[in-house]
Amino acid sequence: MAYLPTRVPLGYRYERWELPTGRLVVTFKHKHSADRFRFQVERLPRGMECDLQGSFHRTLQMDGNKVYYGGEKGEWIAWRCVTSPKTRIRYLLEARSSGPLPDVALARVAASGKRVAR
């Protein structure tokens, strides 16, 4: 599950990482405010399609990747799916924010997720 974003919005810096309940969560904080966003990696549930059963508001094409965008309860999420080249397991790469980041910024983070493990 070692996928990380290669792009973050201007002014955001790495803050911390966690491994709660089978997912990787990497938090980024804006250097001049309290605003944060999270990049999460988790397995796509078996039998689930990447569109998460239509739970998106729209799709964006970013750097050749189809990114889904949606939200609920004040949190906005951009996500895409990747398949591990070794194990063929499908993962969900998500950028999540409750702050002022626009859809394109979150989508760019999700689209930039790359595998960093062997």
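Before any of the text, the structure's been laid out above.
Being a predicted model, the structure only gives us computed values, none of them experimental. (Residues numbered from 1 in each chain as written. Predicted model: local features only at pLDDT ≥ 70, side-chain atom pairs only at ≥ 80, totals over all residues. Heavy atoms only, no water.)

Observations regarding the pairing of strand β7 (residues 75–83)
Counting buried residues along β7, 7 of its 9 residues qualify, which places the element largely inside the surrounding structure. Sheet topology note: the strand β6 (residues 65–72)/β7 ladder contains 5 bridges and is antiparallel. By the bridge assignment, Tyr69 is partnered in β7 with Ala78. Hairpin connection between β6 and β7: a loop of 2 residues separates the two successive antiparallel strands, and Lys73 in this loop has a positive phi of roughly 55°. Pairing of β7 with strand β8 (residues 90–97), which is carried by 8 bridges, proceeds in the antiparallel orientation. The residue of β8 that forms the bridge with Val82 is Tyr91. (Buried < 20%, exposed > 50% of the residue type's maximum accessible area, 1.4 Å probe, protein only. Helix = DSSP H or I, 4+ residues; strand = E, 2+ residues; numbered from the N terminus. Pairing = 2+ DSSP bridges.)

Describing the sheet that holds strand β4 (residues 36–43)
Reading across from one edge, β2-β3-β4-β8-β7-β6-β5 is the order of the 7 strands in this open sheet, with antiparallel pairing throughout. Where the open sheet ends on each side, the last strands, each with one partner, are β2 (12–18) and β5 (58–62). Across this sheet, the average inter-strand angle for adjacent strands is 25°, counted without regard to direction. (Axes fitted to C-alpha atoms, helices over the stretch in contact; angles between N-to-C directions.)

Some points on the pattern of salt bridges
According to the stated counting rule, one finds 9 salt bridges in the structure shown. A salt bridge links Glu18 to Arg16; the nearest nitrogen and oxygen atoms lie 3.8 Å apart. Given a relative accessible area of 39%, Arg16 falls into the partly exposed group. Several salt bridges share partner residues, and in doing so they unite Glu15, Arg16, Glu18 and Arg36 into one network. (Salt bridge = Lys/Arg side-chain N within 4 Å of Asp/Glu carboxyl O.)

Details of the state of the cysteines
The final tally for this structure, using the stated rule, is 1 disulfide. Bridging Cys50 to Cys81, the disulfide has an S-S length of 2.1 Å. Between Cys50 and Cys81, the disulfide has an S-S torsion of 100° and is therefore right-handed. One end of the pair, Cys50, is in the loop between β4 and β5; the other, Cys81, is in strand β7, and 31 residues separate them in sequence. Cys50 gets classed as buried once you look at its relative accessible area, which sits at 10%. On the basis of relative accessible area, Cys81 is assigned to the buried category, the value being 16%. (Disulfide = S-S within 2.5 Å.)

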